[in-house]
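# Commentary on secondary and tertiary structure
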Amino acid sequence: MAVRATKLGALDFLEKPLSTDKLLVTLENALRITRLEDENRELRHKLGKHELVGSGPEMQKLLAQIARVGASETRVCILGETGTGKELVARAIHEKSGRHDNAFVTLNCAAVPAELIESELFGHEKGAFTGAAAKHLGKFEQAEGGTLFLDEIGDMPVAMQAKLLRVLEEGEVERVGGDKTIRVNVRVLVATHRNLEELVKQNAFRSDLYHRIFVFPLTLPPLRERPEDFPELVAHFASQVAAQNGWKEKTFDSSAIAELRQYSWPGNVRELRNVVERLVLLSTDDSVTVGDVRIVLPASDSISGAHGTATSAANGAGTLAERSEAFEREVLTAEIRKHNFHMTNVARALGLERSHLYKKCQQLGIDVQSLKKSD
């Protein structure tokens, strides 16, 4: 049986007679290579989601610190504004550690109701409480031999902080409804956007737990302090978005990059990623232009001065009451975006009751749901 020269996957076949059996084996091998290439592309794509991007001085300093602390068992407290990439840093530390072959488990302390967080962390036995239909392994047991990342540790209820402290001291957990302790071997990394020292002074965070977790603080720079990294970040996100959606990859011209740098970025890298996706989707050309950026980003949020929101409201027209209302509206909108629409955190940051915050939004005509959809 004669077969002409054909390219299958990574193989080129010579033009020579092949038996049917040999041809089938050759085809199977070619398909196997193709599958491996697809798996490698998918793996690279997944890894790209967790990649720390940037070559500016702030990022180089951060990467050096990650490399230094990663190989140790030191407890790390990752500090930074919302959207700066605290979980990415925690993953990078895990990958640099001797635990990298084991699990990396996460828990957002702000996202779990106070009455459920103990069960989430330590697990529960069947019948421990209403709805506990089966035994549940908590995050500590799930992370055995690996790393447990506790995000937004500053929002953990004080009562739960005492129980976490005991686990960190003793290396043992007890499931809810259980009657025995379970030894765990887990490295705990924590993160928060809040000022833990201030929380300790306010008795909202235990000082003994603070000293347990605040061994090696890592502070992440906000995006506005990383102007050198914009070209790399934008190119990275544009490539990622195109690959995820099967779109043609688009470039960003230099004027578009310059315009992006002028924005205040209250949502930091997370917000930039969302904006890049929006620009790639909306742009009708192969290259995203400054005009596209200006359509997507509100001019009032650009960094025209040290206090952008205050400046735009103060320089506006109208009576003092009207300008004060405009200023309040801008401040509230910026805080809501900064805290990624977590209204409890917004209320806490502004010193308001949650109910009063919602009333204030209503008075100022801020529709939180519409704002969230637009973002």
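Each remark here, short or long, concerns the structure printed above.
Let me begin by describing the structure that accompanies this report. (Residues numbered from 1 in each chain as written. Predicted model: local features only at pLDDT ≥ 70, side-chain atom pairs only at ≥ 80, totals over all residues. Heavy atoms only, no water.)

### What to know about the pairing of strand β7 (residues 147-151)
- Most of β7 is tucked away, with 5 of its 5 residues classed as buried.
- Of the two faces of β7, both are covered, the one formed by T147, F149 and D151 as well as the one formed by L148 and L150.
- Bridging between β7 and strand β10 (residues 187-192) involves 4 bridges; their strand directions are parallel. Following the sheet pairing, L148 is matched in β10 by V188. (Buried < 20%, exposed > 50% of the residue type's maximum accessible area, 1.4 Å probe, protein only. Helix = DSSP H or I, 4+ residues; strand = E, 2+ residues; numbered from the N terminus. Pairing = 2+ DSSP bridges.)

### Considerations on the pattern of salt bridges
- As enumerated under the stated definition, the model contains 17 salt bridges in all.
- Put simply, E259 and R294 hold a salt bridge, and the shortest N to O gap is 3.5 Å. Pair noted here: E259 is in helix α10 (residues 254-261) and R294 is in helix α12 (residues 290-296), with a separation of 35 residues, a long-range link.
- Exposure remark for R294: the relative accessible area of 54% places this residue in the exposed category.
- A salt bridge links R273 to E277, with the nearest nitrogen and oxygen atoms 2.4 Å apart. On the criterion of helical spacing, the pair formed by R273 and E277 is a turn pair, its members being 4 residues apart in helix α11 (residues 268-282).
- Within the structure, one salt-bridge network assembled from shared partners comprises E125, E141 and R175. (Salt bridge = Lys/Arg side-chain N within 4 Å of Asp/Glu carboxyl O.)

### A look at the sheet that holds strand β11 (residues 216-219)
- The parallel open sheet is built from 5 strands, whose spatial order is β4-β7-β10-β3-β11. In the strand order of this sheet, the two ends are held by β4 (104-108) and β11, each with one partner. Averaged over neighbouring strand pairs, the angle between their axes works out to 20 degrees when direction is ignored.
- As judged from the 3 bridges shared by strand β3 (residues 76-79) and β10, these two strands associate in the parallel manner. Each bridged residue has a counterpart across the sheet, and for L79 the counterpart in β10 is T192.
- Running over the sheet, helix α2 (residues 57-70) touches β3, β10 and β11 and is turned about 155 degrees from β11. (Axes fitted to C-alpha atoms, helices over the stretch in contact; angles between N-to-C directions. Contact = heavy atoms within 4.5 Å.)

### With respect to unusual backbone geometry
- In the Ramachandran plot, W265 falls in the positive-phi region, its phi being about 50 degrees despite a non-glycine side chain.
- As for its placement among the helices and strands, W265 is situated in the loop between α10 and α11.
- Look at W265 and you get buried, because its relative accessible area is 0%.
- With a phi angle near 55 degrees, N340 is a residue other than glycine that sits in the positive phi range.
- As for its placement among the helices and strands, N340 is situated in the loop between α14 (320-338) and α15 (343-350).
- Its relative accessible area of 43% is what places N340 among the partly exposed residues.

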